[in-house]
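Remarks on the overall topology
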Amino acid sequence: MPGPDPKNTLPGPIRDVLEIARWAPSGDNTQPWRFEPIDERRVRVHGFDTRSHCVYDLDGRPSRLSIGAMLETLRIAAASFGTRAVVRRERSAPEEKPVFDVELSPDPHARPHPLADFVQTRSVQRKPLSVRPLSAHEKQALESAVGPRYEVRWFEGWPARREMAALMFRSARIRLTIEEAYRVHASIIEWNARHSVDRVPDAALGADPMSLRAMRWAMGSWERTRFVSRYLGGTIPPRIQLDLLPALLCAAHLVLLDRSAPAASDRQAALDADFDAGAAVQRFWLTAEKLNLRHQPEITPLVFSRYAATGVRFTTDEHALAAARSLRASFGALLGADTWTKAVWIGRIGAGERARARSLRLPLDRLIHDAAGGTGH
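Everything quoted here is computed from the prediction, not taken from an experiment.

1. Considerations on the environment of Ser326
Note that Ser326 resides in helix H12 (residues 318–335). Overall, Ser326 belongs to the partly exposed group, its relative accessible area being 36%. The sequence separation of Ser326 and Val131 amounts to 195 residues, and the corresponding C-alpha distance is 29 Å.

2. Examining the nonpolar core
One finds Ile174, Met215, Phe304, Phe314 and Phe331 to be the most contacted residues of the largest nonpolar core, which totals 44 residues. Ranked by residue count, the leading element in this core is H12, at 7 residues. Once residues lying within four places of it in the same chain are set aside, the contact partners of Phe314 are Val55, Leu58, Ile174, Ile178, Glu180, Phe304, Tyr307, Ala320, Leu321 and Ala324. Core analysis: the second largest hydrophobic core is formed by 33 residues, Val45, Ala78, Ala85 and Val102 among them.

3. Brief notes about the packing of helix H5 (residues 157–177) against H12
Each pair of packed helices can be described by the angle between their axes along with the distance between the axes. At a minimum axis separation of 10 Å, H5 and H12 run at an interaxial angle of 165°. On the basis of their axis angle, the class for H5 and H12 is roughly antiparallel. In terms of crossing hand, the pair formed by H5 and H12 is left-handed. Counting all contacts with H5, which are made through Glu163, Met164, Leu167, Arg170, Ser171 and Ile174, the residues of H12 involved are Ala320, Ala323, Ala324, Ser326, Leu327, Ser330, Phe331 and Leu334. Partitioning the contact of H5 with H12 into residue classes produces 9 nonpolar, 3 polar and 2 charged.

4. Thoughts on the pairing of strand E1 (residues 33–39)
Both E1 and strand E2 (residues 42–47) contribute to a ladder of 6 bridges, which runs antiparallel. Bridge pairing in E2 links Trp33 to Gly47. Counting the residues between successive antiparallel strands, the hairpin from E1 to E2 contains 2 residues.

5. Describing the side chain of Ser66
For Ser66, the position within the fold is in helix H3 (residues 61–79). For Ser66, a relative accessible area of 8% corresponds to the buried category.

6. Some thoughts on the sheet that holds strand E11 (residues 343–351)
The strand order E5-E9-E11-E10 describes an open sheet built from 4 strands, whose pairing is antiparallel. Among the strands making up the open sheet, the edge pair consists of strand E5 (150–156) and strand E10 (293–297). Neighbour-to-neighbour, the strand axes of this sheet turn through a mean angle of 30°, independent of strand direction. One ladder, built from 7 bridges, connects E5 with strand E9 (residues 252–258); its direction is antiparallel. Paired with Trp154 across the strands is Leu254, a residue of E9. Along the sheet, helix H10 (residues 267–290) contacts E5, E9, E10 and E11; its crossing angle with E10, the most-contacted strand, is approximately 150°.

Reading the values: rules and limits
- One numbering rule holds for all chains: residues counted from 1, following each sequence as written.
- With pLDDT at 70 or above as the cut-off, local features in this predicted model cover only qualifying residues; side-chain atom pairs require 80 or more to be listed or tallied, and sums for whole chains, interfaces and linings still use all residues.
- The side-chain quantities take in all heavy atoms of the structure and omit both hydrogens and water.
- Think of it this way: any DSSP run of H or I at least four residues long counts as a helix, any run of E at least two long counts as a strand, and we number them from the N terminus.
- Buried means the residue's accessible area, taken with a 1.4 Å probe over protein chains only, is under 20% of the maximum for its type, while exposed means over 50%, and partly exposed covers the values in between.
- Put simply, buried Ala, Val, Leu, Ile, Met, Phe, Trp, Tyr and Cys residues joined by side-chain atoms within 4.5 Å make one nonpolar core.
- Residues count as neighbours in contact if any of their non-hydrogen atoms are within 4.5 Å of one another.
- Axes, fitted as lines to C-alpha atoms, cover a helix only where it is in contact. Angles between the N-to-C directions of the axes lie from 0 to 180 degrees.
- Between 65 and 115 degrees an angle is taken as roughly perpendicular, under 35 as roughly parallel, over 145 as roughly antiparallel, and anywhere else as oblique.
- The hand of a helix crossing depends on one turn: near helix anticlockwise from the far one by less than a right angle means left-handed, and clockwise means right-handed.
- By the convention adopted, Pro, Cys, Tyr, Trp, Phe, Met, Ile, Leu, Val and Ala count as nonpolar, Lys, Arg, Asp and Glu as charged, and the other residues, Gly among them, as polar.
- Think of it this way: DSSP has to see at least two bridges between two strands before they count as a pair.

Don't take any of this as a statement about function, it's just geometry.
Right, dumping it as structure tokens:
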């Protein structure tokens, strides 16, 4: 039977805010959050990471960034309803299943947030963008959006974009030749679709129709994918189309650096830093949308470099592990041996059309977590 209609079961203010908050970005559209309404002004947010099955999330950091982006979206939404969202993380909750208590406090001075109108129009544009340089005004607005804790390191101009393109091209080879990544890709792509509520539609991948047909055939099994990649040069066309050309054809790449990155040994501070970084990324992305700029995450070089630095054996493929170590050295040379460890986000940006195909979101009733621990489906 269909789940309950949240319009009839959720109290007004919470319902209105969550309807907007659910549009936050998440890796591969995983939406790693569920909502447990307490009353009309309180909700518990149950987060989760995908480390058990996603090679890109083995340390949980990408999921924490997504959760942080959602909590920031919740704060932005709250202001549109005359409230202020107060968020408290439960320190006793497991790292892989963080819990947050959120209360909407009435605020007579609240005004709609200037980024609120762009929450639902923000999307990923994976196709080439304009190479027009960002203006001083655009860069200043984007740098202000992330706040003083973060530095935006820009990579502009042909030589810098070429360096970043080489990094993306090498990272893509790891991504396209290991079985652990294949399993993720096979599960998150919705074929013959322009929109998807819980996956990534193939039309949004940035590939042309012929490439998509070849990709779908090759991804019919890991054995087929491995054969095409190993003997038919099967990684070259998608790496050129999906990684190299978009990396060259944009206004700039950016790396977001945490100036106050805590020591890894301070686990609670490190967790909070990831959630805060996700909030900064969402403000950056929404500001880009407000400026009519498009943004695409490029975090796999950062993920693989971090695995190499911390000794995470993310695959059984020794060649891929060696490639990750080489990638980490190149990333360190690009940013600085000590600086790269402060990186929390990589992306590209530029003017261009809004993506016509995109991931949507699960309806609110399927994101409800009841007191017994269940979710609406």
